[in-house]
Amino acid sequence: MLPIAAACLLAMSAYAQAEPAQQQINIPASDLATALDSLARQSGAQLIYRADQLRGARTRGVQGNLPADAALDRLLKDTGYVPKRDASGAVIIVKGQQHAQAAPRPAAPPPPPPAAEPEPVEPETTELQTVQVTGSRIPRAQIEGPAPVTVMTAEQIAATGLTSVPDVLRSLSQNSGSVQGQQNTTNAQSTPGAQAVDLRGLGPNHTLVLVNGRRIADFPLPLNSRSNFTDIGNIPLGMIDRIEVLTGSASAVYGSDAMAGVINFILKKSTDGTIIDYRYGDTSQGGGESHKLTLTSGFERNDFSGIVGLELLDKRPLWGTDRDIQDSTLDAPTARRRLPRLIAQTYNWDDDIGIDPVGGCAAMSGLNEGTTVLAEDRFGDPYCGSERAIAYRTIQNERRGANAYGSFEYRFSDALSWFADIQLGYQKVKLLTGTNGNDVSSDHMGWEFHDPASTDNYRNSVFYNAGTGRYELWVRQFSPEEVGGLENRMNVTTEKTAAVTTGFKGMFGDDWNWEGAYNHSQYKAVVGMPRIKSDAANRFFLGDRLGYDADGYAIYNPDPTRFFTPLTPAEFATIGAMSTWHPVAKNDNLSFTTDTPALFSMPAGDVGFAGAVEYGRQSYRINPDPLALTDDAYFGPRYGDGHGSRTRWSAAGELRVPLLSSLQASLAGRYDRYSYANKDPGKFTYSAGLEWRPVDTLLVRGSYGTGFRAPDMHYLFAGDDYYRTRFSTDYYTCRTAEPDATDGYCFDDGSYDVSTFDVYNGNPELGVETSKSFTAGFVWSPFANFDLAMDYYKIRVANQVQAQSRERLKIDEADCRLGVTDTGTAVEVNSPTCADALARVIRDADGNITSVHFSPINIANEETSGIDVTANYRLQTASAGDFNFNANYNWAHKHTRQQYPGDPTEDMLDVSFSSTTLPRTKGNLGVSWDKDAWGASLFGTYLGRVANYDNDAWTQATWRFNAGARYDVNDHLRVSLSVNNVLDKMPPRDPTWSNYPYYDTSWFDSMGRSYYVQVTWKLGGKPL
């Protein structure tokens, strides 16, 4: 697939009036557009040209020690193009009359005879900068097309001060989805180290992510153990030339699955020297130190050219203990959560009361940095606890690794060349997560008795103590001192990525371009998950099992003194283990594309055409530790397996039709067919757009498109995945006992918690998703240095696939049994939602929940609409320097969801919607200044209010500001300083967010102020 846009942004600049300086120029015979780009790099000249007009034009090249204008004249010789300088001195490449005569349009009148001295024809220009536009395969010279596009260049990214791809995308106003941050426990356990992007809040799997216009392999483990997605966490920021974001109807052009939009990372294709770039980073409050070194070099040897790059990264972890707002349970907003975290407790199951710890926890007092004490829970039961232990987890992951990149081209002739792009990545990501409160059931540093021989939710966690004659429950948390340091219990993921694209491109005839390419990408990982060996831990703390009693409970006669005695690291090593997984995902694609700017002519101009045929195969395999699939090897979660593959072929075509001199239409259509699991779903999708320019300074535009996507592979092929939940809220029992109780109260109170053994599995009978997308707006540039764009968007996804929420199912079950929600709204008990929830929440004969069975389903639809506003202003002054101002703002008008046909429509932007926290408004604001050797910038991101944890009030809107400055020691050496979160803002306080870390990790973190010092040194080539 061709990149979303071909690179061609060359700003206006005057040639020097003094005696021109000579430079060594070496440009081989090639197409004219490529040659002009090479001349700009080698000479420093800046040119304006329409790339679509240059299609098919070839140059003989130029070599020698020449001034830039002389080199340009030689480059243009016999091409039919000439340089024209306007009143400002800018150099514009236009058609000469001789060329116009040689290739007249069939419908046009005969051209006049050639003059003795050809005069250039006035080019078509607008007040906007000339670029090739993202959103079409057909090259065209205009700043915007029928759908809105956001382009962030490497220079613009540097001005924001953002230091990673996830941070850059998080700042986008269109990226309004609630994605899980690095602190999210579920995300860290299911997809450790991976990070996602979610345009329009429709889910990460509805955003199509490309690198150099090519699809890449998914992260090999599914997000939340549910859906496949693209990991943006290991894309090297230092090698990005620009990021292009298309949020309109792109499905028919780039892929039927691009429902929410397309993000294309364009990596650097050329450089005229060697660049050494080193960056050091740290935080003002400590922790999270980082180092990054990027090396980039290019070459051009006759017909062979290329660029190679290497990025090395060393980012240290940031721990919860490093930040005052989350280094202790005392930071919790509710009294229940301020209690010390459980370290050790023995519990009398018969009398429902805690047993006094041996020695009053004196033997354990030195653990957890001396913070372990005798404590009482909210019911008065004694236990050994530590307020510090809750914070033994990472806020920011440790990440070390290298990324290598190469892009090469060999030109056999003017009409044929070979190309290849190669990307290799190696990252080692380490993190540590824990559970909230006193639940250690899924903690890598915790244990409680677990009898795999028993399938009863109570019998497998309770044993009969022959020494006391009681049924007891024993729970233990391990401290850093016992495990030999936190590093020994970190989740370690080694990520190995590779992508190779190679093929041929060229021309046939005068105006036809073609490309045939093969692309292979793969994502392999080795995931090490720390676990506790069940049998070894049972024997260590309880001794040998003595059999089973008449009721099926395991019998032990343990020594409680040993239980309350600290372990040595050597002792812990006998019960600790590393469960290792080897997931892999692959993506292979064959494609052939062709385009022409002049398929045929109409009175208003040439009709452009592009076509593509593609075939691809996608596969994934989780390859889990076999012991993790059983219920007896490890304490804690029992994981599921999954693997599958599918093929896809598609054919697409696009037309650009000039209806009038001021009105242009675009039409695109494609047919996709998948093949998997004895199913072959296929569908035709299309898009249409209009661009109307009543005057040169105003573009009025609109687009409409349809989309289609098959379900994610893990939604289809997931095996049984088990979730043992010790504290699972029974909302029906709670609201029956306390009719005025809210769902939030029931969850936080804990009195109605039960132990459940829940099951998730894939659904091969899922239907396909479809979408409709509409945009309408304008781009206005009343004068050269200002432009304003405003666009309305509306996206509707039908039959959308989503994994059911266990919590939501239990709430729905309570609503359906009671006939009313916790807020008093009547519920239709015969609705499809009620029928589904009542069937999936399993209760025993006594009315206790024993299990929740959940899976992915096709919901009826999800719909979002809103307005995007973008503004840019450039101010150039003779004495104060140059200023650039930009602003982006998104306002979501609505975001609704309907689970089944006939169900009520849920407002996902309403404060009472419990499944997610979506902001209605999001934006950013930036200003940069440059004067001679100095530069500075200020960039702010705005997040509108989001719902609190209890979904009964809003948290405040927030701003975060980054600032930067740079100084050019000389024209090849630059020193930069950037400060992120200048005001050292912490997450807004939410008095209802009782779970650690006591704020919404989807939107916030407590890194605080961070600073980065960067040195950039260029060897050879034009100035920085």
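To be clear, the structure that these remarks concern was listed above.
Our subject in this report is the structure included herewith. (Residues numbered from 1 in each chain as written. Predicted model: local features only at pLDDT ≥ 70, side-chain atom pairs only at ≥ 80, totals over all residues. Heavy atoms only, no water.)

1. Examining the environment of Val1013
Step number 1: Inspection of the secondary structure puts Val1013 in strand β53 (residues 1010-1019).
Step number 2: Of the residues examined, Val1013 reaches a relative accessible area of 34% and is grouped as partly exposed.
Step number 3: A sequence separation of 49 residues divides Val1013 from Gly964, and the C-alpha atoms of the two residues are 9.8 Å apart.
Step number 4: In contact with Val1013, not counting residues within four places along its chain, are Tyr278, Arg279, Tyr280, Ser976 and Leu977. (Helix = DSSP H or I, 4+ residues; strand = E, 2+ residues; numbered from the N terminus. Buried < 20%, exposed > 50% of the residue type's maximum accessible area, 1.4 Å probe, protein only. Contact = heavy atoms within 4.5 Å.)

2. Overview of the environment of Ser619
Step number 1: Relative to the assigned elements, Ser619 resides in strand β32 (residues 605-621).
Step number 2: For the pair formed by Ser619 and Ala585, sequence separation is 34 residues and the distance between their alpha carbons is 5.7 Å.
Step number 3: Setting aside chain neighbours within four positions, we find Ser619 in contact with Val584, Ala585, Lys586, Gly644, Ser645 and Met713.

3. Remarks on a nonpolar patch on the surface
Step number 1: Taken together, the side chains of Trp934, Tyr967, Val969, Val975, Leu977, Tyr1011, Val1013 and Val1015 present a nonpolar region at the surface, about 640 Å² in accessible area.
Step number 2: Contributions of two or more residues to the nonpolar patch are made by β51 (958-970), β52 (973-980) and β53.
Step number 3: Among the elements that make up the nonpolar patch, the one with the highest residue count is β53 (3 residues).
Step number 4: Summarising the element assignment, Leu977 is placed in strand β52. (Patch = residues over 30% accessible without salt bridge, like charges linked within 9 Å, V, L, I, M, F, W, Y side chains within 5 Å. Areas by Shrake-Rupley, 256 points an atom, 1.4 Å probe, with all protein chains shown as cover. Salt bridge = Lys/Arg side-chain N within 4 Å of Asp/Glu carboxyl O.)

4. Focus on unusual backbone geometry
Step number 1: The peptide bond linking Tyr996 to Pro997 adopts the cis configuration, its omega dihedral lying at 10 degrees.
Step number 2: For Pro997, the location among the structural elements is in the loop between β52 and β53.
Step number 3: The backbone of Asp352 sits at a positive phi, close to 55 degrees, despite the residue not being glycine.
Step number 4: Secondary-structure assignment places Asp352 in the loop between β17 (341-348) and β18 (353-355).
Step number 5: Look at Tyr998: it is not a glycine, yet its phi comes out positive at around 75 degrees.
Step number 6: For Tyr998, the position within the fold is in the loop between β52 and β53.

5. Some thoughts on the state of the cysteines
Step number 1: Here the structure, examined in full by the defined rule, presents 3 disulfides.
Step number 2: Here Cys361 is linked by a disulfide to Cys384, with a sulfur-sulfur distance of 1.9 Å. Measuring handedness by torsion sign, the sulfur bridge of Cys361 and Cys384 sits at about -95 degrees and is left-handed. Separated by 23 residues along the polypeptide, Cys361 in the loop between β18 and α8 (367-370) and Cys384 in strand β20 (residues 382-386) bring together distant segments of the chain.
Step number 3: Residue classification places Cys361 among the buried positions, given a relative accessible area of 3%.
Step number 4: In this model Cys734 forms its disulfide with Cys746; the gap between the sulfur atoms is 2.1 Å. Measuring handedness by torsion sign, the sulfur bridge of Cys734 and Cys746 sits at about -85 degrees and is left-handed. Of this pair, Cys734 sits in helix α14 (residues 731-737) while Cys746 sits in helix α15 (residues 743-749); the two residues are 12 residues apart in sequence, bridging distant segments of the chain. (Disulfide = S-S within 2.5 Å.)

6. Structural notes on the pattern of salt bridges
Step number 1: Enumeration according to the criterion identifies 50 salt bridges in this entry.
Step number 2: Across the pair Arg670 and Asp672 runs a salt bridge, and its minimum N-O distance is 2.8 Å.
Step number 3: Residue classification places Arg670 among the buried positions, given a relative accessible area of 1%.
Step number 4: Its relative accessible area of 1% is what places Asp672 among the buried residues.
Step number 5: Look at the salt bridges and you will find they share partners, linking Asp314, Arg316, Glu398, Arg400, Lys430 and Glu487 into a network.

7. Considerations on a positive patch on the surface
Step number 1: Judged by side-chain charge, Lys496, Lys524, Lys586 and Arg617 come together as a positively charged surface patch.
Step number 2: Following the sequence through the fold, Lys586 ends up in strand β31 (residues 584-602). (Lys, Arg positive; Asp, Glu negative; His and termini not counted. Charge placed at Lys NZ, Arg CZ, Asp CG, Glu CD.)

8. A few points about the sheet that holds strand β8 (residues 149-153)
Step number 1: One open sheet accounts for 5 strands, arranged β8-β11-β12-β9-β10; its pairing is mixed. Across the chains shown, the open sheet's two edge strands, defined by having one partner strand only, are β8 and β10 (214-215).
Step number 2: In the sheet, β8 pairs with strand β11 (residues 240-246) via 5 bridges, with the strands oriented antiparallel. When the bridges of β11 are listed, Val151 appears paired with Glu244. (Pairing = 2+ DSSP bridges.)

9. As for the packing of helix α16 (residues 806-818) against helix α17 (residues 832-840)
Step number 1: In contact at an axis separation of 8 Å, α16 and α17 are set at 115 degrees when each is read in the N-to-C sense. The orientation of α16 with respect to α17, classified from their angle, is roughly perpendicular. Note that α16 runs across α17; the crossing there is left-handed. On α17, the residues touching Leu809, Asp812, Glu813, Cys816 and Arg817 of α16 are Thr833, Cys834, Asp836, Ala837, Leu838 and Arg840.
Step number 2: Class assignment of the residues belonging to the contact of α16 with α17 gives a composition of 5 nonpolar, 1 polar and 5 charged. (Axes fitted to C-alpha atoms, helices over the stretch in contact; angles between N-to-C directions. Parallel < 35°, antiparallel > 145°, perpendicular 65-115°, else oblique. Left-handed = near helix turned anticlockwise from the far one by under 90°. Nonpolar A, V, L, I, M, F, W, Y, C, P; charged D, E, K, R; others polar.)

10. Quick look at the environment of Val308
Step number 1: Among the secondary structure elements, Val308 is positioned in strand β15 (residues 304-315).
Step number 2: Spatially, the C-alpha atoms of Val308 and Lys269 are 8.9 Å apart, while their sequence positions differ by 39 residues.
Step number 3: Once you skip the residues sitting within four places of it in the chain, Val308 turns out to touch Leu295, Thr296, Ser297, Tyr405, Gly406 and Phe408.

11. Let's talk about the side chain of Lys315
Step number 1: Looking at where Lys315 falls in the secondary structure, it is placed in strand β15.
Step number 2: Look at Lys315: it is buried, it has no salt bridge, and the nearest opposite charge is Asp167 at 6.1 Å.
Step number 3: Each residue touching Lys315, except ones within four places of it in the same chain, is listed here: Glu289, Ser290, Gln396, Asn397, Glu398, Arg399 and Arg400.

12. Points about the pairing of strand β47 (residues 881-898)
Where a strand is regular, its side chains alternate between the two sheet faces.
Step number 1: Relative to β47, strand β46 (residues 861-877) runs antiparallel, the two being bridged by 17 bridges. Paired with Arg874 across the bridge in β47 is Asn884.
Step number 2: Bridge count between β47 and strand β49 (residues 921-931): 10 bridges; the pairing is antiparallel. Pairing of Phe883 across the sheet is with Trp929, part of β49.
Step number 3: Bridging between β47 and strand β48 (residues 906-907) involves 2 bridges; their strand directions are antiparallel. Looking at β48, one finds that Thr896 is bridged to Asp907.

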